[in-house]
Amino acid sequence: MIHGLLDATQVVATVELDGAPHEVCCEAEASHDRRTNLLTVRLHAFVRAMEQDHIGETATPAWLPEPETVTESVDLDEAHEMAEDIFASWNRRVLAALPRNP
């Protein structure tokens, strides 16, 4: 039986792209298979426009990390905490990838 643990999107920064402000977003979707004790966390990052004319528009600039899937063997009682730790680590990785202004 697959148990959903986490479905989250978090804004980790704001950047300017093509002269317009964008939010840098991290997503995680985690599930745990009780039969095999396998935790699966799917990670993704993107930017989304903040201006009203472009609300809902998203992009994935080349400087963002590629989407990733992490799997770990863990008991259900520890799975949620591990999923949150993996998501926090992903957020730090995305922040580290942000372009630096000269």
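Residues numbered from 1 in each chain as written. Predicted model: local features only at pLDDT ≥ 70, side-chain atom pairs only at ≥ 80, totals over all residues. Heavy atoms only, no water.

1. So, the overall build of the protein chain
Scanning the protein chain from N- to C-terminus turns up 1 helix and 5 strands. Counting from the amino terminus, helix and strand elements in the protein chain follow one another as β-β-β-β-β-α. With the principal axes as the frame, the protein chain shows a C-alpha extent of 50 × 30 × 20 Å. Taking all 102 residues of the protein chain together, 36% fall into the buried category. Contacts in the protein chain between residues far apart in sequence, at least 24 positions, make up 60% of those at least 6 positions apart. Working note: accessible area of the protein chain is about 6400 Å², and carbon and sulfur atoms make up 46% of it. Both charge centroids of the protein chain, one from 7 positive and one from 19 negative side chains, sit 5 Å from each other. (Helix = DSSP H or I, 4+ residues; strand = E, 2+ residues; numbered from the N terminus. Buried < 20%, exposed > 50% of the residue type's maximum accessible area, 1.4 Å probe, protein only. Contact = heavy atoms within 4.5 Å. Areas by Shrake-Rupley, 256 points an atom, 1.4 Å probe, with all protein chains shown as cover. Lys, Arg positive; Asp, Glu negative; His and termini not counted. Charge placed at Lys NZ, Arg CZ, Asp CG, Glu CD.)

2. With respect to the nonpolar core
One finds Leu-6, Val-24, Leu-39, Val-41, Leu-43 and Phe-87 to be the most contacted residues of the largest nonpolar core, which totals 24 residues. Here the element with the most residues in this core is helix H1 (residues 76–97); it accounts for 6 residues. Those residues in contact with Val-41 that sit more than four places away from it in its chain are Ala-28, Glu-29, Ala-30, Glu-68, Thr-69, Val-70, Ala-83 and Ile-86. (Core = buried A, V, L, I, M, F, W, Y, C linked by side-chain atoms within 4.5 Å.)

3. What to know about the pattern of salt bridges
Under the criterion given, the structure shown has 4 salt bridges. In this structure, the salt-bridge partner of Arg-48 is Glu-23, at a minimum N-O distance of 2.7 Å. Pair noted here: Arg-48 is in strand E3 (residues 38–49) and Glu-23 is in strand E2 (residues 20–33), with a separation of 25 residues, a long-range link. Note on Arg-48: relative accessible area 29%, which makes it partly exposed. A salt bridge links Glu-29 to Arg-42, with the nearest nitrogen and oxygen atoms 3.2 Å apart. One end of the pair, Glu-29, is in strand E2; the other, Arg-42, is in strand E3, with 13 residues separating them in the sequence. (Salt bridge = Lys/Arg side-chain N within 4 Å of Asp/Glu carboxyl O.)

4. A closer look at the side chain of Glu-23
Engagement of the side chain of Glu-23 in a polar contact is seen with the side chain of Arg-48, the distance being 2.7 Å. Apart from residues lying up to four places away in sequence, Glu-23 is in contact with Val-11, Ala-13, Phe-46, Val-47, Arg-48 and Met-50. (Polar contact = N/O pair within 3.5 Å; in protein donor to acceptor, adjacent residues only side chain to side chain.)

5. Points about the environment of Glu-78
By the secondary structure assignment, Glu-78 is in helix H1. With 39 residues separating them along the chain, Glu-78 and Leu-39 place their C-alpha atoms 9.8 Å apart.

6. So, the confidence of the model for the protein chain
Chain-level pLDDT for the protein chain is 92 on average; 95% of the residues reach the 70-or-more range. Confidence, expressed as mean pLDDT per element, reaches its minimum in the protein chain at strand E4 (residues 58–59) with 86 and its maximum at strand E5 (residues 68–73) with 97. (pLDDT = per-residue confidence, 0-100.)

7. Side note on H1
For H1, which comprises 22 residues, the first-to-last C-alpha distance of 32 Å matches the rise-based estimate of 32 Å (1.5 Å per residue) to within 8%. Ala-79, Ala-83, Ile-86, Phe-87, Trp-90, Asn-91 and Val-94 are the residues of H1 that are buried. For H1, the angular spread of buried residues about the axis comes to 145 degrees, placing them on one side. Residues of H1 that are exposed and point over 90 degrees away from its buried face: Asp-77, Glu-81, Arg-92 and Ala-96. Buried-residue contacts for H1 involve strand E1 (2–17), E2, E3 and E5. (Expected span 1.5 Å × (residues − 1). Arc of directions from axis to C-beta.)

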